[in-house]
Amino acid sequence: MDAMVHTMSRPADQDPRWSAIVARDKAADGSFFYSVRSTGVYCRPSCAARLANPKNVAYHLTPAAAEAAGFRPCKRCRPNEAPREQREAAMVAEVCRRIEAAETPPQLEDLARAAGLSPFHFHRVFKAVTGVTPRAYAAAHRAERVREALPRAGSVTEALYDAGFNASSRFYEAAGPMLGMTPKAWRAGGVGAEIRFAVGQCSLGAILVAQSDKGVCAILLGDDPDALVRDLQDRFPKARLVGADAAYEQWVAQVIGLVEQPQVGLDLPLDVRGTAFQQRVWSALRQIPVGETASYQAIAEKIGAPRAVRAVAQACAANSLAVAIPCHRVVRQDGDLSGYRWGVERKRALLEREAAA
Ligand SMILES: [Zn+2]
């Protein structure tokens, strides 16, 4: 019966669907499928396989129709399965659960084998979906468990065991960069941590820049310098806040340079503190190029949590590093600017500045 389609319908390349195949148009996926008589397979429009001779091509509305006509699904584009992005997101979500449940961080090879991919390919897909490597994801998750355990645990050692660390030296190795301070200091609410800060003026108003011994830990924008200092105190309630010295002015100048000319970038280490989820969101934000914007929905999809749009918006609002983590580049799906922790007029000014650069 399908043979009649080949002989009786107009040539495949005179059908408007042919241009979608030539363009390997992802937007056309799902609206139709095409079979190739010479190979006996059928594909999605976006299939990366070599372009077929239109003489051998026929169109089908569903995979079932193509199979009823005697064609096999292409092994490359897998037209009878969910689209690749969905499969990958589901695979990565499963791997994340596996990492979270593991007592010790699983080996890359084991995770890749379970996912049915080569270690190289698996690593690439995981990073593309979550914005972090499997190892960084495991470390962030572990740090989050430690943070949760610290305030209620009787001792730091107990907290380590609660979080699944079986050797405390490994814990100290992993915890430093994630917590931004030693576990003891964190448990005490930042007691003993020293944070240097300075307040200056930039074209967007007052700016406060703060630095721990790990790197820049806060960039705050506002109208009132005193309010910025109070905000810093709220974010680090028990840390010792120290006013700026001369060497520090250099750092502040670099940060102000970033605000004035975002395309120049910031060549300073950042001390990023947040939950594993917030870190994934912030990592995705830092991949939005200067001059472009993304929707909250797009960021949620990018980190493999397409339904966590509200949580993404909350993570944007919790960002302590204005401009360096560019939460101003996230807008509503309809292009509306939506809110900004440091005032929507500053968001507008930053986006205009970046569009012009
Ligand atoms: Zn194919």
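Nothing here was measured: the structure is a model prediction, and the numbers come from that model. (Residues numbered from 1 in each chain as written. Predicted model: local features only at pLDDT ≥ 70, side-chain atom pairs only at ≥ 80, totals over all residues.)

**Structural notes on the overall build of the protein**
Counted only if it meets this: We count a stretch as a helix when DSSP gives it H or I for four or more residues in a row; a strand needs E for two or more, and each element gets its number in order from the N terminus. Residue burial here comes from a neighbour count, namely the number of other C-beta atoms, placed from the backbone, that lie within 10 Å of the residue's own C-beta, with 20 or more meaning buried, 12 or fewer meaning exposed, and in between meaning partly exposed. The contact criterion used here is simple: two residues whose C-beta atoms, placed from the backbone, lie within 7 Å are in contact.
Within the protein one finds 16 helices and ten strands. When burial is assessed residue by residue, the protein has 36% of its 357 residues classed as buried. For the protein, restricting intrachain contacts to residue pairs at least 6 apart in sequence, the fraction spanning at least 24 positions comes to 59%.

**Let's talk about the confidence of the model for the protein**
Cut-off, in case you're wondering: What pLDDT reports is the predictor's confidence in each residue, on a scale of 0 through 100.
Averaged over all residues, the pLDDT of the protein is 78; the fraction at 70 or higher stands at 78%. Here helix α9 (residues 168-179) is the element of the protein with the lowest mean pLDDT, 41, and strand β2 (residues 41-43) is the one with the highest, 97. Here residues 1-7 is a poorly scored stretch, pLDDT under 50, and it has seven contacts once near neighbours within four places are set aside; other chains count.

**Thoughts on the sheet that holds strand β6 (residues 205-211)**
Strand pairs in the sheet, formed through backbone hydrogen bonds, run parallel or antiparallel to each other. To be explicit about the condition: When DSSP finds two or more bridges between a pair of strands, those strands are recorded as paired. For helices, the fitted axis covers only the stretch in contact; all axes are lines through C-alpha atoms, and the angles between them, taken along N-to-C directions, range from 0 to 180 degrees.
Taken in spatial order, the four strands of this open sheet run β7-β6-β5-β8, and their pairing is mixed. The two strands at the open ends of the sheet, each matched to only one other strand, are β7 (216-222) and β8 (240-243). Sheet twist, expressed as the mean angle between neighbouring strand axes with direction ignored, is 25°. Pairing analysis gives six bridges linking β6 to β7, with the strands arranged antiparallel. Bridge pairing in β7 links A210 to A218. Helix-sheet contacts for helix α11 (residues 225-235) involve β5 (194-202), β6, β7 and β8, and the interaxial angle to β7 is about 145°.

**Examining helix α16 (residues 344-356)**
Operational definition: The length a helix should cover is 1.5 Å for every residue beyond the first. Each direction from the helix axis to a C-beta atom contributes to the arc, which is the arc of those directions.
For α16, which comprises 13 residues, the first-to-last C-alpha distance of 18 Å matches the rise-based estimate of 18 Å (1.5 Å per residue) to within 8%. Turning to α16, its buried residues number three or more, namely R346, K347, L350, L351 and E354. An end-on view of α16 places all buried positions within 130° of arc, on one side of the element. Opposite the buried face of α16, at more than 90 degrees from it, the exposed residues are E345, E352, A355 and A356.

**Observations regarding the nonpolar core**
Stated precisely, the cut-off is as follows: In this description, a nonpolar core means buried residues of the types Ala, Val, Leu, Ile, Met, Phe, Trp, Tyr and Cys, linked to one another by C-beta atoms lying within 7 Å.
Core analysis: the largest hydrophobic core is formed by 47 residues, its most contacted members being L208, V209, I219, V281 and I299. When residues of this core are assigned to their parent elements, the largest contribution, six residues, is made by β7.

**Things to note about the UniProt feature "active site" (unreviewed entry) in the protein**
Note the following rule: UniProt positions are given in the numbering used here, feature names are shortened, and annotations may be inferred rather than shown by experiment.
UniProt feature "active site" (unreviewed entry): in the numbering of this structure it lies at C43 and C327. Structurally, C43 is set in strand β2. By the C-beta count within 10 Å, which is 26 here, C43 ends up buried. Beyond its immediate chain neighbours, meaning those up to four positions away, C43 contacts F33, Y34, A49, C74, C77 and P79. Locating C327 in the fold gives a position in the loop between α15 (309-317) and β10 (330-331).

**Describing the environment of I99**
When you line up the elements, I99 lands in helix α4 (residues 84-101). Exposure remark for I99: the 20 C-beta atoms within 10 Å place this residue in the buried category. Expressed as a C-alpha distance, the spacing of I99 and L111, which sit twelve residues apart in the sequence, is 8.7 Å. In this structure, I99 is in contact with P105, P106, P134, Y137, A138 and H141, ignoring residues within four places of it in sequence.

**Overview of the pairing of β7**
Put simply, side chains in a regular strand alternate between the two faces of the sheet. With seven of seven residues buried, β7 lies mostly within the body of the structure. Between the antiparallel neighbours β6 and β7 lie four residues, among them G215 with a positive phi of about 150°.

**Overview of unusual backbone geometry**
One non-glycine residue, R24, lies in positive phi territory at about 50°. If you trace the backbone, R24 turns up in the loop between α2 (17-22) and β1 (33-36). A positive phi angle, close to 45°, is found at R78, a residue other than glycine. If you trace the backbone, R78 turns up in the loop between β4 (72-73) and α4. Residue R78 is classed as partly exposed on the basis of its 16 C-beta neighbours within 10 Å.

**Remarks on the sheet that holds β4**
If you walk across this open sheet you meet the four strands as β3-β1-β2-β4, and the pairing is mixed. Each having just a single partner strand, β3 (57-60) and β4 make up the two edges of the open sheet. With four bridges connecting them, β1 and β3 associate as antiparallel partners. When the sheet's bridge partners are listed, S35 is paired in β3 with A58.

**What to know about the packing of helix α13 (residues 276-285) against α15**
Spelled out, the test is: Orientation is classified from the angle alone, with under 35 degrees giving roughly parallel, over 145 giving roughly antiparallel, 65 to 115 giving roughly perpendicular, and any other angle giving oblique. Note on residue classes: Ala, Val, Leu, Ile, Met, Phe, Trp, Tyr, Cys and Pro are nonpolar, Asp, Glu, Lys and Arg are charged, and everything else, Gly too, is polar.
Put simply, α13 and α15 touch, their axes get as near as 9 Å, and they point 80° apart. With respect to each other, α13 and α15 are oriented roughly perpendicular. Counted together, F277, Q278, V281 and W282 of α13 and A311, V312, A315 and C316 of α15 form the full contact between these two elements. Broken down by class, the residue content of the contact of α13 with α15 amounts to seven nonpolar, one polar and no charged.

**A short note on the environment of R135**
Topologically, R135 is positioned in helix α7 (residues 134-149). Considering only alpha carbons, one finds R135 and P106, 29 residues apart in sequence, at a separation of 8.7 Å.

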